[in-house]
Amino acid sequence: MSTLTSPAPDATAAPLPIGPHTVAPPVVLAPMAGITNAPFRTLCREFSGGKGLFVSEMITTRALVERNEKTMQLIHFDATETPRSIQLYGVDPVTVGKAVRMIAEEDLADHIDLNFGCPVPKVTRKGGGSALPYKRNLLRAIVREAVTGAGDLPVTMKMRKGIDDDHLTYLDAGRIAVEEGVTAIALHGRTTAQHYGGTADWEAIARLKEHVPEIPVLGNGDIWSAEDALRMVRETGCDGVVVGRGCLGRPWLFADLVAAFEGRTDAFVRPTLREVADVMVRHATLLGEWIGDEARGVIDFRKHVAWYLKGFAVGSEMRKRLAITSSLEALRAGLDELDLDQPWPSGADGPRGRTSGNNRVVLPDGWLKDPYDCAGVGEDAELDTSGG
């Protein structure tokens, strides 16, 4: 792939310890439902040269304990993946404990991340996701069960600032995490109300780092380029970065991140459209192999088309055509009709994926009356949705 000389980085970060594992450079792929499956992790890992930490899609603890067929496929790791990292989502301490013990006893993963960041209304209305840390005692009970059940496996957690600006929870949640034995914390610098809109609050990441100096703090939010990652480390003092929407249609961002943190100034990837097209076909191929059906793999790939093509001169009709393909042959043929010699477009980096914000947060009745009472959270809060 093409490269572009870039200024020398002015921020560095030490290798990130996650239990017995060392993540160097300290770069983590954020769990994203329907995105960070084994094929996408493979692509990102290939571009990074195997460096970094690549977390699975969010797995609900109830589905795992019940050995749901789809869930069991989602926790399948390629033989080259190390460490194997699973993100769990749960609302019931007992079920979370069972899921974690299952992972540890059956050697299903090497690292467990707990999700407390999902802002989706159908989750928060049940008291789950990013609504849950408001209930401090419930949060503590879940984390305690997870750490206890994990044994020697390291447990980390990802969260948001809080429900809204009037109900911030991240400092209390950070202290609970430290007290209960969590290895590291990742903070998305947005509230539930913000969803993915507005600007991530990097100052909150800096405050959390000051508040819990005992363990590593990772920053998440508005990292669209390697330069953004370096700037976050420089401005917040965080110990590493978690990248989500910034790598949508840009798996080579992990090559840039590795180069930036290693101080290499001539290795940033700036692919031509031809090179992007090759990655698109490989991505769709990997999905088909993973699912076991080429057509289903290409159909699953459709959501990635617009992200890969962002910034390139591709007509709306062709974009629509590529987004309804159902075979690798049709995908390749459509891509071959484009002007594949187009260079990397200026301004192609930037927001991708969901950008909605200023949402009304839906919570259980009376949820905000008492930050310690745990009543009102049921098993139906465990839904297979994105991880925030």
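All values reported here derive from a predicted model rather than from experimental measurement.

Participant: Now, about the overall build of the protein chain: what can you tell me, with residues and values included?
Facilitator: Of regular secondary structure, the protein chain possesses 15 helices and 14 strands. Relative to its length of 388 residues, the protein chain is compact, with a C-alpha radius of gyration of 20 Å against a globular reference of 21 Å. Structurally, the protein chain occupies a C-alpha span of about 60 × 45 × 40 Å along its principal axes. By residue count, 59% of the 388 residues in the protein chain fall in the buried class. Here the contacts in the protein chain between residues at least 6 apart in sequence split such that 75% fall between residues at least 24 apart.

Participant: Summarise the layout of surface pockets; cite the residues concerned and give the values.
Facilitator: In this model, the second largest pocket occupies a volume close to 160 Å³. Along the walls of the second largest pocket sit A38, P39, T42, H76, F77, D78, L286, E289 and W290, which together make up its complete lining. Counting only elements with at least two residues in the lining of the second largest pocket, the list comes to α1 (38-48) and α11 (273-291).

Participant: Describe the packing of helix α8 (residues 202-211) against helix α9 (residues 226-236), naming the residues involved and giving the relevant values.
Facilitator: Where α8 contacts α9, the axes come no closer than 9 Å and their chain directions differ by 50 degrees. Between α8 and α9, the angle falls in the class oblique. Seen along the crossing, α8 lies across α9 with a hand that is right-handed. Facing α8, whose interface residues are W202, I205, A206 and K209, α9 presents D228, R231, M232, E235 and T236. Within the contact of α8 with α9, the residues separate by chemical class into 4 nonpolar, 1 polar and 4 charged.

Participant: Pulling in residues and values, what's your account of the packing of aromatic side chains?
Facilitator: The full count for this structure, using the stated rule, is 6 aromatic pairs. Ring plane angle 75 degrees and centroid distance 6.2 Å describe the contact between F47 and W252, whose orientation is recorded as edge-to-face. Placement of the pair is F47 in helix α1 and W252 in the loop between β13 (240-243) and α10 (253-261), with a sequence separation of 205 residues. Judged by relative accessible area, F47 falls into the partly exposed class, the value being 23%. Both rings, one in F312 and one in W344, keep their centres 5.9 Å apart while their planes meet at 80 degrees; by these two values the pair is edge-to-face. Taken together, the positions of F312 in the loop between α13 (305-309) and α14 (316-322) and W344 in the segment after α15 (328-336) put the pair 32 residues apart, joining distant regions of the chain.

Participant: Break down the sheet that holds strand β4 (residues 27-29) for me, with residues and values.
Facilitator: The sheet built from 8 strands closes into a barrel, its strands ordered β4-β5-β6-β7-β8-β11-β12-β13 with parallel pairing. Across the sheet, the mean angle from the axis of one strand to that of its neighbour is 25 degrees, orientation sign disregarded. In terms of strand pairing, strand β11 (residues 184-188) meets strand β12 (residues 217-220) through 4 bridges, oriented parallel. Across the sheet, the residue bridging to H188 is N220, located in β12. Contacts from helix α4 (residues 93-105) reach β6 (85-89) and β7 (111-116) within the one sheet, and its direction differs from that of β6 by about 165 degrees.

Cut-offs used in this document
- Residues numbered from 1 in each chain as written.
- Predicted model: local features only at pLDDT ≥ 70, side-chain atom pairs only at ≥ 80, totals over all residues.
- Heavy atoms only, no water.
- Helix = DSSP H or I, 4+ residues; strand = E, 2+ residues; numbered from the N terminus.
- Rg over C-alpha atoms; globule rule 2.2 N^0.38 Å.
- Buried < 20%, exposed > 50% of the residue type's maximum accessible area, 1.4 Å probe, protein only.
- Contact = heavy atoms within 4.5 Å.
- 1 Å grid on protein atoms, 1.4 Å probe; cavity = no way out; pocket = protein on both sides within 12 Å on 5 of 7 lines; lining within 4 Å.
- Points joined across faces, edges and corners; volume = space filled by probe spheres on them.
- Axes fitted to C-alpha atoms, helices over the stretch in contact; angles between N-to-C directions.
- Parallel < 35°, antiparallel > 145°, perpendicular 65-115°, else oblique.
- Left-handed = near helix turned anticlockwise from the far one by under 90°.
- Nonpolar A, V, L, I, M, F, W, Y, C, P; charged D, E, K, R; others polar.
- Phe/Tyr/Trp six-rings, centres within 6.5 Å; stacked < 30°, edge-to-face > 60°.
- Pairing = 2+ DSSP bridges.

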